[in-house]
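So the chains spell out like this:
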Amino acid sequence: MSSGANAMWGGRFGRGPEAIMEAINASIGFDKRLAPQDIAGSRAHAAMLATCGIITKSDAEAIDTGLQQVLAEIEAGEFAFSAALEDIHMNVENRLREIIGTPAGRLHTARSRNDQVAVDFRLWVREQCDTAIAAITALMQAFVAQAEAGADWVMPGFTHLQTAQPVTWGHHMLAYVEMLARDRGRFMDARARMNECPLGAAALAGTSFAIDRHMTAAALGFDRPTANSLDSVSDRDFALEYLAAASICALHLSRFAEELVIWSSAQFRFVRLSDGFSTGSSIMPQKRNPDAAELLRAKIGRILGANIALMTVMKGLALTYSKDMQEDKEQVFDAADTLVLSLEVMAGMVRDMTANRDALEAAASSGFSTATDLADWLVRALGLPFREAHHVTGALVKMAEDQGCDLPDLTLAQMQSVHHDITDAVFGVLGVYNSVASRTSHGGTAPDNVRAQVARWKEELG
């Protein structure tokens, strides 16, 4: 049992909490990560209190000087964090009191830990949005570079992981640029929506002091103060939106990681991952394992788990603040760390990987990948209804399969045995390069389309 009441809130209590209560109640083990944001919020709050005449200018100056010293001690690793003081807010305020004495007690005028943690956490998540946006941009640039190098390289496009139609390597790379652009947009949207300042909402109802919330919002880089004090202290939508965006982004990373695992196998040989992102086997000397890709494939588990965990915490909470919400930070901290690491590793892998153009082309030419081109030609050149063209093409595929060859290897006579109106012009559409070159519709795989999209993305990404 603790020997005395907590000095910060213990006036109501005759004795301190049990040691086991301190263990479950304290958050300083993880929320000390919010120290820069906590001190930034406190400095803005003190400056506002002085401007509004709520505390003296001299007290505000002492508070500001003391807070800067506290931050310096934390950054230097010289700060002694205390679990007995529960959280980062109380740890900072207690040290401030040790440094400057009585004026420290005036800092908490017209605010509560409820709006204090809300602004700290929002500032931190906002920074993580900026970090994610920058990391996604770098990864997009890596994919664009791959697309530019292989704008006219052919490879198989898949559905059901079965060869479908030929596409270009550049087109495949740009598919991930589009995905990542949506990810980047989600973080931008979330950042814009969360850019309202809850500081000044106090415990839940606002304050009777004549504060200037617009001043603190501007000082902290927010667009405006939040409009409802109840919502201000109970809202964690900003963290949930961050986790939702992070989950979708991690999903996209996992999809490409899966392709890398498949493509780098001896059976495919589509890509070779650099030594920097491969490992060996402890027993099989020939192995090059795509461990980095496999780890990236799994990271969505942690990020999506954090998303689900925080949604579960928040789902049944009546307004306004409840201690349940202390469970918000560890989930978001871990997800943010995981996402940034994943994006940086993926960018390195994409920059360093080498595509095997010959293997890609050989695979693109297999599996009757130009069957749809043949059907389309029958519609255009012979005027067949597509369903009839589909039937004729299927018969020709079966013929080629029975003879152990591909469609371009059939003779004209063999093709005419299935439909007598086929001419030798059909061979102009059956090659994989002819196939991809013909796909000029907006968003199609034609090399000219790819080059145009590469130019657009290079201009946009800088």
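Residues numbered from 1 in each chain as written. Predicted model: local features only at pLDDT ≥ 70, side-chain atom pairs only at ≥ 80, totals over all residues. Heavy atoms only, no water.

Novice: Explain the environment of D223 to me, and be specific about the residues and the numbers.
Specialist: Note on placement: D223 falls in the loop between α8 (213-219) and β4 (224-225). With 31 residues separating them along the chain, D223 and A192 place their C-alpha atoms 8.7 Å apart. Discounting residues that sit within four places of it in the chain, D223 has contacts with A192 and N195. (Helix = DSSP H or I, 4+ residues; strand = E, 2+ residues; numbered from the N terminus. Contact = heavy atoms within 4.5 Å.)

Novice: Could you give an account of helix α13 (residues 357-364), with specific residues and numbers?
Specialist: Listing the buried residues of α13 in full gives A359, L360, A363 and A364. What you see down the axis of α13 is that its buried residues fit within an arc of 135°, all on one side. The exposed set on the far side of α13, more than 90 degrees from its buried face, consists of D358 and A362. Turning to α13, the residues buried within the fold contact β1 (154-159), β2 (162-168), α7 (169-194), β6 (354-355) and α18 (432-438). (Buried < 20%, exposed > 50% of the residue type's maximum accessible area, 1.4 Å probe, protein only. Arc of directions from axis to C-beta.)

Novice: Describe in detail the side chain of N307, supporting the description with residues and values.
Specialist: Position of N307 among the secondary structure elements: in helix α11 (residues 291-314). Looking at N307, its side chain comes within polar contact range of the side chain of S247, at 3.4 Å. Setting aside residues no more than four positions away along its own chain, N307 makes contact with L240, L243, A244 and S247. (Polar contact = N/O pair within 3.5 Å; in protein donor to acceptor, adjacent residues only side chain to side chain.)

Novice: Lay out the pairing of β2 with the relevant residues and their values.
Specialist: The side chains of a regular strand alternate, residue by residue, between the two faces of the sheet. With six bridges joining them, β1 and β2 adopt antiparallel strand pairing. Within the sheet, the bridge partner assigned to F158 lies in β2 and is T163. Connecting β1 to the antiparallel partner β2 that follows it, the hairpin turn spans two residues, and H160 within it adopts a positive phi of roughly 60°. (Pairing = 2+ DSSP bridges.)

Novice: Lay out the packing of aromatic side chains in plain terms, naming residues and giving numbers.
Specialist: Scanning all chains against the criterion turns up twelve aromatic pairs. A ring pair is formed by F121 and F333, whose centres lie 6.3 Å apart and whose planes are at 90°; its orientation type is edge-to-face. Note that F121 is positioned in helix α6 (residues 113-149) and F333 in helix α12 (residues 329-352), a separation of 212 residues in sequence. Across this residue pair, the class does not change: F121 and F333 are buried. The interplanar angle of 65° and the centroid separation of 4.7 Å between the aromatic rings of Y176 and F256 together place this pair among those described as edge-to-face. Taken together, the residues Y176 in helix α7 and F256 in helix α10 (residues 237-263) connect sequence positions 80 residues apart. Take Y176 and F256: they sit in the same class, and that class is buried. (Phe/Tyr/Trp six-rings, centres within 6.5 Å; stacked < 30°, edge-to-face > 60°.)

Novice: Outline the nonpolar core, listing residues and values.
Specialist: One finds W169, F187, Y242, F256, L260 and W263 to be the most contacted residues of the largest nonpolar core, which totals 97 residues. Top element by residues in this core is α10. It accounts for 16 residues. In this structure, Y242 is in contact with V125, Q128, C129, F187, V332, A336 and L339, ignoring residues within four places of it in sequence. (Core = buried A, V, L, I, M, F, W, Y, C linked by side-chain atoms within 4.5 Å.)

Novice: Give me the lowdown on unusual backbone geometry, citing residues and values where you can.
Specialist: For residues that are not glycine, phi is negative in most cases, and the peptide bond is trans in most cases. With an omega dihedral of 10°, the bond running from L319 to T320 counts as a cis peptide bond. Of note in the backbone geometry, A110 takes a positive phi value of approximately 65° without being a glycine. Tracing the backbone shows A110 in the loop between α5 (88-100) and α6. You will see that R269, though not glycine, has its phi angle at about 55°, which is positive. Mapped onto the fold, R269 is located in the loop between α10 and β5 (271-272). Taking the relative accessible area as the measure of exposure, R269 reaches 48% and is therefore partly exposed.

Novice: Please set out the pattern of salt bridges residue by residue, giving values where relevant.
Specialist: The full count for this structure, using the stated rule, is 25 salt bridges. Ionic pairing is found between E460 and R456, a salt bridge with its closest N-O pair at 3.9 Å. Of the two residues, E460 and R456 are both situated in helix α19 (residues 447-461); the distance of four residues between them amounts to about one turn of the helix. For R456, a relative accessible area of 34% gives the class partly exposed. (Salt bridge = Lys/Arg side-chain N within 4 Å of Asp/Glu carboxyl O.)

Remember, this is a structural readout, not a statement about activity or role.
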